[in-house]
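So you can see what is in the structure, the chains are spelled out below.
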Amino acid sequence: SHDLRTPLTALIGSADLIRDGQPPAERRQYIDLIKTSAGQVLALVDGILNFSKAGDRRARASMKPFLLRDVINANIAVSQVGAAAKGLTLTADISDTIDETVLGDAAALSQILLNLLANAIKYTTSGGVTVRASMAREIGNVRRATIAISDTGVGIPESFRQKLFSPFERGETPGNLNPGGHGLGLSIVRQLTTGLGATITVDSEVGRGSTFTLTIPCIAAPAARTPPVVEAPGGNTPDGPLSVLVADDVASVVMVVGAMLQKMGHAVVSARDGKAAVEAARKQRFDLILMDIQMPEMDGLEASRIIRQMPEHADTPIVAMTGLDRDGSIDETALASMSGYIRKPVAIDALGVLIRDAVATARRGQQAA
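This write-up is about the structure you can find in this document.

1. Digging into the overall build of the protein
The number of helices and strands found in the protein is ten helices and twelve strands. Buried residues in the protein amount to 42% of all 369 residues. At a minimum sequence separation of 6, the contacts of the protein that also span at least 24 residues come to 69%. Only carbon and sulfur atoms are counted for the fraction: they give 54% of the accessible area of the protein, which is about 19,100 Å².

Structure (structure tokens):
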């Protein structure tokens, strides 16, 4: 309750102050506070959702071939941003034995690594974080991978270690270090680890740092290199203004996403349901369509299928824009027909990267044809 009500107080209070009129300098300060507080609420919501889904994943673990090195490197790449922001090093020592394709739940492993890396960075103020990984052969095609994440952070008192993996538990930190967080990260790690049939141990010394060691049973699979589970976006929007259709039944989403696109210099047409999106596409050719999945009258997937059949929109990038997750909440087969995917809440930087990638891909396809 405290973790949710505190940032909401800042959100509502700042909005009231801006509405009542404030000098420009103070207005900017309150706007920044709204953005920061909204980020805290989003982190808490994501943590609660991930915690609830972690237990469910145990019953439906996805066993697919993946290259362990790719998953580890991808998560390290994403975490480099947070480490660099604090002036920390993030290094890897990955054995050649890791270069083998295995069967397992790459998405669950990715979430475990991201949470452990985020935790290590959060509680480290100087020095850095090191990831070590190796794999040993057991009987037949059985393998045992070991991934250790070490930091030079504050360490964990012996008295707190029994509660370390309990939900909403946060240990005391020395001095004025206030890392924040909602106390769900390690409880999610424990649930996902159990679901994988893996184990996790902790070795820590107060004032010197901690090492979390993950031991995972794996089954060797035929060599098949798959894309990394996590990708670090980057880049800018394409040159020149685009004509963009934004379809969403929530007026505030249409307003905010439309304003972001207009700020980038693009022309925007809006639709409040799937049928309206289809009608708009019949009247005008668009360079890009952002389509909510869940809408009244006609959902976004059905609207996209109809629009795809129009000759003028056969190659138009149609991007799913939704609050659902790609871990069972969305029909992967249906979503595969779309050009991309962005999860709400939509940030302007992520939107710019998505537009660049979707339009560039469409243009390459047109040139190849």
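2. Considerations on the nonpolar core
The biggest cluster of nonpolar side chains holds 40 residues, and the ones touching the most others in it are Leu 68, Ile 72, Leu 109, Leu 116, Val 131, Ile 147 and Ile 149. Broken down by secondary-structure element, the contributors of at least two residues to this core are α3 (68–85), β2 (89–94), α4 (106–122), β4 (128–137), β5 (142–151), α5 (185–195) and β7 (209–220). For this core, the element with the most residues is α4, which contributes nine residues. When near neighbours in sequence (up to four residues on either side) are disregarded, Val 131 contacts Ile 72, Ile 76, Leu 90, Thr 91, Ala 92, Asp 93, Leu 117, Ile 147, Ala 148 and Ile 149. Counting residues in each nonpolar core, the second largest holds 20 residues, with Val 278, Ile 293, Ile 318 and Met 338 among its members.

3. Description of the side chain of Thr 124
Secondary-structure assignment places Thr 124 in the loop between α4 and β4. Note on Thr 124: relative accessible area 0%, which makes it buried. Of note is the side chain of Thr 124, whose polar atom sits 2.6 Å from the backbone oxygen of Ala 120. When residues no more than four places from it in sequence are discounted, the contact partners of Thr 124 are Lys 86, Leu 88, Asp 151, Thr 152 and Gly 153.

4. Comments concerning the packing of α3 against α4
For the pair α3 and α4, the least separation of the axes is 10 Å and the interaxial angle reads 30°. In this view, α3 runs roughly parallel relative to α4, as classed from their interaxial angle. When you trace α3 past α4, the crossing you get is right-handed. Of the residues in α4, those in contact with Leu 68, Val 71, Ile 72, Asn 75, Ile 76, Val 78, Ser 79, Gly 82 and Ala 83 of α3 are Ala 106, Leu 109, Ser 110, Leu 113, Leu 114, Leu 117 and Ile 121. Residue composition of the contact of α3 with α4, by class: twelve nonpolar, four polar and no charged.

5. A word on the sheet that holds strand β9 (residues 267–271)
Read across the open sheet, the five strands follow the order β9-β8-β10-β11-β12; overall the sheet is parallel. Of all the strands in the sheet, the pair left with one neighbour each is β9 and β12 (340–343). Ignoring strand direction, the axes of neighbouring strands in this sheet form an average angle of 20°. Taken together, the five bridges between strand β8 (residues 243–247) and β9 define a ladder with parallel strand orientation. If you follow Ser 243 over to β9, its bridge partner there is Ala 267.

6. A word on the pattern of salt bridges
Taken as a whole, this structure holds seven salt bridges when the rule is applied. Taking the shortest distance from any N to any O, the salt bridge between Arg 143 and Glu 100 comes out at 3.1 Å. Taken together, the residues Arg 143 in strand β5 and Glu 100 in the loop between β2 and β3 (101–104) connect sequence positions 43 residues apart. On the basis of relative accessibility, which here comes to 5%, the residue Arg 143 falls in the buried class. Owing to a relative accessible area of 18%, Glu 100 belongs among the buried residues under this scheme. Two residues, Glu 302 and Arg 305, come together in a salt bridge whose shortest N-O distance is 3.0 Å. Of this pair, Glu 302 and Arg 305 both sit in helix α8 (residues 300–308), three residues apart, which is roughly one turn of that helix. On the basis of relative accessible area, Arg 305 is assigned to the partly exposed category, the value being 39%.

7. Some words on unusual backbone geometry
Positive phi is not limited to glycine here, since Glu 297 has a value of about 70°. Turning to its location among the elements, Glu 297 is positioned in the loop between β10 (288–292) and α8. Judged by relative accessible area, which is 59%, Glu 297 ranks as exposed.

8. Some remarks on α4
With 17 residues, α4 should cover 24 Å at 1.5 Å per step; its first-to-last C-alpha distance of 24 Å lies within 8% of that length. Among all positions of α4, only Ala 106, Ala 108, Leu 109, Ser 110, Ile 112, Leu 113, Leu 116, Leu 117, Asn 119, Ala 120 and Ile 121 are buried. The opening residue of α4, the one whose side-chain oxygen lies 3.1 Å from the backbone nitrogen of Ala 108, is Asp 105.

9. Some remarks on the packing of helix α7 (residues 274–283) against α8
At a closest axis distance of 9 Å, the pairing of α7 and α8 adopts a crossing angle of 20°. Here α8 runs roughly parallel to α7, going by the angle between their axes. Between α7 and α8 lies a crossing of right-handed hand. The residues of α8 that touch α7, namely those facing Gly 274, Ala 277, Val 278, Ala 281 and Arg 282, are Ala 303, Ile 306 and Ile 307. Here the contact of α7 with α8 is composed, by residue class, of six nonpolar, one polar and one charged.

Cut-offs used in this document
- Positions within a chain are numbered from 1, following the residues in the order the chain's sequence is written.
- Confidence filtering applies because this is a predicted model: local features only for residues at pLDDT of at least 70, side-chain atom pairs given and counted only at 80 or more, and all residues used for totals across whole chains, interfaces and linings.
- Excluding hydrogens and water, the side-chain figures rest on all heavy atoms present in the structure.
- For helices the rule is a DSSP run of H or I covering at least 4 residues; for strands it is a run of E covering at least 2, with both sets numbered from the N terminus onward.
- Three labels apply to residues, based on accessible area from a 1.4 Å probe with only protein chains included: buried if under 20% of the type maximum, exposed if over 50%, partly exposed otherwise in between.
- For this analysis, residues touch if any pair of their heavy atoms sits within 4.5 Å.
- Surface accessibility follows the Shrake-Rupley procedure with a 1.4 Å probe radius. Residue values consider only the protein chains on display as shielding.
- We define the nonpolar core as a collection of buried residues of types Ala, Val, Leu, Ile, Met, Phe, Trp, Tyr and Cys that are connected through side-chain atoms lying within 4.5 Å of one another.
- In the analysis that follows, any N or O atom pair within 3.5 Å is treated as a polar contact, provided that within protein one partner can donate a hydrogen and the other can accept it, and provided that, for residues neighboring in sequence, both atoms belong to side chains.
- Note on geometry: axes are C-alpha line fits, over the in-contact stretch for helices, and angles between N-to-C directions span 0 to 180 degrees.
- In these notes the angle categories are as follows: under 35 degrees is roughly parallel, over 145 is roughly antiparallel, 65 to 115 is roughly perpendicular, and the rest is oblique.
- Left-handed describes a crossing whose near helix is turned anticlockwise from the far helix through less than a right angle; right-handed describes the clockwise counterpart.
- Residue polarity follows a fixed list, in which Ala, Val, Leu, Ile, Met, Phe, Trp, Tyr, Cys and Pro are nonpolar, Asp, Glu, Lys and Arg are charged, and the others, Gly among them, are polar.
- Two strands are said to pair when DSSP picks up at least two bridges between them.
- Salt bridges are identified by distance alone: a Lys or Arg side-chain nitrogen within 4 Å of an Asp or Glu carboxyl oxygen.
- Multiplying one less than the number of residues by 1.5 Å gives the expected span of a helix.

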